[in-house]
Amino acid sequence: MNIYLDHAASTPLRPEVLEAMLPYYSNIYGNASSTHSFGRAARAAIDASRDTIADILGCRPNELMFTSGGTESDNTAIFGIADALKSKGRHVITSQVEHHAVLHACERLERLGYEVTYLPVGPTGLVRVDDVEKAVRPDTILISIMYANNEVGTVQPIRQIGELAREKGILFHTDAVQALGHVSLPLHELPVDLASFSAHKINGPKGIGALYIAKHVKISPLLFGGSQERRRRPGTENVAAIAGFAKALQISANNMHEMQQNLEKLRQAMVDGLTSLLGADVVINGDPHERVPHILNVSFPGTSTETLLMNFDLEGIAAASGSACTSGSCA
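Fair warning: this is a prediction, and the values are worked out from it, not measured in the lab.

Calculation rules
- Residues numbered from 1 in each chain as written.
- Predicted model: local features only at pLDDT ≥ 70, side-chain atom pairs only at ≥ 80, totals over all residues.
- Heavy atoms only, no water.
- Helix = DSSP H or I, 4+ residues; strand = E, 2+ residues; numbered from the N terminus.
- Rg over C-alpha atoms; globule rule 2.2 N^0.38 Å.
- Buried < 20%, exposed > 50% of the residue type's maximum accessible area, 1.4 Å probe, protein only.
- Contact = heavy atoms within 4.5 Å.
- Areas by Shrake-Rupley, 256 points an atom, 1.4 Å probe, with all protein chains shown as cover.
- Phe/Tyr/Trp six-rings, centres within 6.5 Å; stacked < 30°, edge-to-face > 60°.
- Lys NZ or Arg CZ within 6 Å of the ring centre and 35° of its normal.
- Patch = residues over 30% accessible without salt bridge, like charges linked within 9 Å, V, L, I, M, F, W, Y side chains within 5 Å.
- Salt bridge = Lys/Arg side-chain N within 4 Å of Asp/Glu carboxyl O.
- Core = buried A, V, L, I, M, F, W, Y, C linked by side-chain atoms within 4.5 Å.
- Pairing = 2+ DSSP bridges.
- Right-handed = clockwise from strand over helix to strand, strands pointing away.

Asks: Describe the overall build of the protein, with residues and values.
Replies: Along the backbone of the protein there are ten helices and eleven strands. The globule rule puts the C-alpha radius of gyration for 331 residues at 20 Å, and the 20 Å found for the protein is close to it. Viewed in the frame of its principal axes, the protein has a C-alpha envelope of about 65 × 50 × 35 Å. Out of the 331 residues in the protein, the part that is buried amounts to 49%. Once local pairs closer than 6 in sequence are excluded, the contacts in the protein between residues at least 24 apart make up 68%. Of the roughly 15,900 Å² of accessible surface on the protein, 52% is carried by carbon and sulfur atoms.

Asks: So, the packing of aromatic side chains: which residues are in play, and what are the values?
Replies: All chains considered together, the criterion is met by one aromatic pair. One cation-aromatic arrangement involves Arg-90 over Tyr-114; the distance from NZ or CZ to the ring centre is 4.7 Å.

Asks: A description of a nonpolar patch on the surface should follow, citing residues and the corresponding values.
Replies: On the surface, a nonpolar cluster with roughly 450 Å² of combined accessible area is contributed by Met-1, Ile-3, Leu-5 and Met-270. Its place among the elements puts Met-1 in the segment before strand S1 (3–4). Its relative accessible area of 91% is what places Met-1 among the exposed residues.

Asks: Describe the pattern of salt bridges, and please don't skip the residues or the numbers.
Replies: Evaluated as defined, the whole model comprises ten salt bridges. Asp-83 is the salt-bridge partner of Lys-86, the closest N and O atoms lying 3.3 Å from each other. Residue classification places Asp-83 among the partly exposed positions, given a relative accessible area of 34%. A cluster of three or more residues bridged by salt bridges with shared partners is formed by Glu-115, Arg-137 and Asp-139.

Asks: Please set out the nonpolar core residue by residue, giving values where relevant.
Replies: Of all hydrophobic cores here, the largest spans 77 residues; its most connected members are Leu-57, Ile-143, Tyr-147, Leu-185, Leu-194, Phe-197 and Phe-245. Top element by residues in this core is helix H8 (residues 239–254). It accounts for nine residues. Beyond its immediate sequence surroundings of up to four residues, Leu-185 is in contact with Leu-57, Tyr-147, Ala-176, Ala-179, Leu-180 and Phe-197.

Asks: Mind laying out the pairing of strand S3 (residues 91–95), listing which residues take part and the relevant values?
Replies: Burial analysis of S3 places five of its five residues in the buried class, which makes it a mostly covered element. Burial of S3 is two-sided: the residues His-91, Ile-93 and Ser-95 facing one way and the residues Val-92 and Thr-94 facing the other way are all buried. Pairing of S3 with strand S4 (residues 115–119), which is carried by five bridges, proceeds in the parallel orientation. The residue bridging Thr-94 from the neighbouring strand is Tyr-118, located in S4. Following the backbone out of S3, through helix H5 (residues 100–111) and into the adjacent parallel S4, one traces a crossover that is right-handed. Summarising the sheet, S3 and strand S5 (residues 140–144) pair through four bridges and their orientation is parallel. Directly across from Val-92, in S5, lies its bridge partner Leu-142.

This is how it looks when you write it as structure tokens:
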């Protein structure tokens, strides 16, 4: 029996999601930009999916831009805002524990002449709001802090950071990929200007994500071509994946409370089991209170991580020592 413990990297596709996608690989195959009936059917599917996702996230449908996943969403937010506001300033604030889609994008900005402040975190992985405030400069144009850490699961003080950003007149982006489907994300109530999402973390298809762009935000496109996605992201839409994304999020939203309780029980059972067996030889990482329910990060001092994971794999247990993006490629 194989055991999969790497859902933070990717999740299996739900059968209901696959079923929702199949018509767009067979019967409804038109280009959504075409004006004939085949194209109109595809367009209707995209519009309905966008409405569903927007309703769940508490935003307007025209504030959602479909992307290829979390990496593109993060890159679009960072480079798009940096370009759109370059006349106002060239300083960005982020944290040292962001996903590589943010960190590497910021490193690229530095090579382009921007300045980036990488904030440290506390012992449990929390960004200090005071540190954010101290880092703000007159030329700061963007703050990007992830909602939930993809390795240790710590949930950042997004509301407080967002309120600070609004007070200072600075745009705020959050990578919410690991939060989607696991915690409530009422975008209409959160002081967030941009937010990144990806479907394959919630039992949806790979290669599809979204970027929330609040109506007041002006952003430069990364791609150029057609007029898709309100000219912000040209290219023929992946209708099947978009429909799958909507279905996966709908299922996650409908079952969120039950899943949260179940995951908390499973997480606690694993913690109890490890500590009873190993005692002080196991360390639980991340914040004990401010965290998402589906991520558990543990350390075994004095043990080779590579050897441990190799032995796990030989026993049919799939686990990871960190983000999949640190050793391979992901969206």
